[in-house]
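Residue-level structural notes
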Amino acid sequence: MTTIPISKRLQTIAAYCPAGARVADIGSDHALLSAYLLLNNIASHVILGELNEGPYQAACRQINGLATRDRAQVRKGDGLAVLSPGEVDVICIAGMGGQLIVSILQAGRHKLPGVKRLVLQPNVGEELVRRWLYENGWQLIDETILEEDGIIYEILVAEPGEPSVPYEGQDRMTTELFRIGPVLWQKKPAILAQKWEREKTKWESIQKQIESSARTEAAEKLMHIQADLDWMNEVIACLQTDKP
């Protein structure tokens, strides 16, 4: 095998891995990212971590088919448990919920000293990931948002540093920027407004469902949802009119 096609999402993640880095690919999704990093001589070495037997075997097959397989190791284990301290420079965790990514980082935080970069792509719950990074000494150095096959993805890149830096001097509270993304708010790409338009549509649908129910707790829920919808409308208006 001399080349491998990967998605735009994985290509973007790969672009955040510095040349020559030792990379951990946690939850490797059939090892596509790792294979791409090796075949394009981006990573000097890759450690792939898989928890379940099926994905572990799929990753083994993918890596064993590479001429560069001597620069990769597939390990079976839970999260960062597959790593030894100081073994990698970059950790990539992609395609999971934000809560799961946070639990992986929290459980494996003793493996993080010496890691120079985290590249994280939560499918949902980006706010939880940003909050964990902020509270644990990781500074967001970049954020990317992209759409592929009708799905919007956010990619968060963090390095050890001063977590408050990207949140300073902004016209939004830190708690709001956990939701939006401090770097994305600075960049204000058009797709960010699209994301929040979709989020608003989803919650408007939920609002209608609750309104049609007779549950006693409906009034309080509707009040919270309406407040959130008002916030989303204001954020969308700012994104559409206040572009850099």
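So, here's what we can say about the structure.

Conventions and cut-offs
Residues numbered from 1 in each chain as written. Predicted model: local features only at pLDDT ≥ 70, side-chain atom pairs only at ≥ 80, totals over all residues. Heavy atoms only, no water. Pairing = 2+ DSSP bridges. Helix = DSSP H or I, 4+ residues; strand = E, 2+ residues; numbered from the N terminus. Axes fitted to C-alpha atoms, helices over the stretch in contact; angles between N-to-C directions. Contact = heavy atoms within 4.5 Å. Salt bridge = Lys/Arg side-chain N within 4 Å of Asp/Glu carboxyl O. Buried < 20%, exposed > 50% of the residue type's maximum accessible area, 1.4 Å probe, protein only. Phe/Tyr/Trp six-rings, centres within 6.5 Å; stacked < 30°, edge-to-face > 60°. Lys NZ or Arg CZ within 6 Å of the ring centre and 35° of its normal.

Topic: the sheet that holds strand β3 (residues 72–76)
To summarise the sheet geometry, strands pair through backbone hydrogen bonds and adopt either a parallel or an antiparallel arrangement. One open sheet accounts for seven strands, arranged β3-β2-β1-β4-β5-β7-β6; its pairing is mixed. The open sheet has two edge strands with one neighbour each: β3 and β6 (138–148). For this sheet the average axis-to-axis angle between neighbouring strands, irrespective of direction, equals 15 degrees. Here strand β2 (residues 43–50) pairs with β3 via five bridges, running parallel. Pairing of Gly-49 across the sheet is with Arg-75, part of β3. Across the sheet, helix α2 (residues 32–39) is in contact with β1 (21–26), β2, β3 and β4 (90–96); its angle to β2 comes to roughly 170 degrees. Seen against the sheet, helix α8 (residues 190–211) touches β6 and β7 (151–160) and runs at an angle of roughly 75 degrees to β6.

Some words on the pattern of salt bridges
In the structure shown here, the tally under the stated rule is 16 salt bridges. For Lys-195, the salt bridge identified is with Glu-154, shortest N-O distance 2.5 Å. Taken together, the positions of Lys-195 in helix α8 and Glu-154 in strand β7 put the pair 41 residues apart, joining distant regions of the chain. Glu-154 gets classed as buried once you look at its relative accessible area, which sits at 1%. One salt bridge connects Lys-202 with Glu-199, and the closest N-O pair in it is separated by 3.2 Å. Residue Lys-202 and its partner Glu-199 are located together in helix α8, separated by three residues, close to a single helical turn. In this structure Lys-202 comes out as partly exposed when scored by relative accessible area, which is 42%.

Some words on the packing of aromatic side chains
How two aromatic rings sit relative to each other is given by the distance of their centres and the angle of their planes. As enumerated under the stated definition, the model contains four aromatic pairs in all. Where Tyr-134 meets Phe-178, the ring centres are 5.3 Å apart and the plane angle is 75 degrees; that geometry is what we call edge-to-face. Remark: Phe-178 occurs in helix α6 (residues 174–180) and Tyr-134 occurs in helix α5 (residues 126–135); sequence separation between them is 44 residues. The class of Tyr-134 is partly exposed, set by a relative accessible area of 29%. For the pair Tyr-167 and Phe-178, a centre-to-centre distance of 5.4 Å together with 75 degrees between the ring planes defines the contact as edge-to-face. A residue pair is termed long-range when its members are at least 10 positions apart, and Tyr-167 in the loop between β7 and α6 and Phe-178 in helix α6 qualify at eleven residues. Phe-178 matches Tyr-167 in its accessibility class, with the two residues each being buried. Here the aromatic residues Tyr-134, Tyr-167 and Phe-178 are joined through ring pairs into a cluster of three or more. The ring of Trp-185 carries the charged tip of Lys-188 above its face, separated from the ring centre by 4.0 Å.

Structural measurements only, silent on function.
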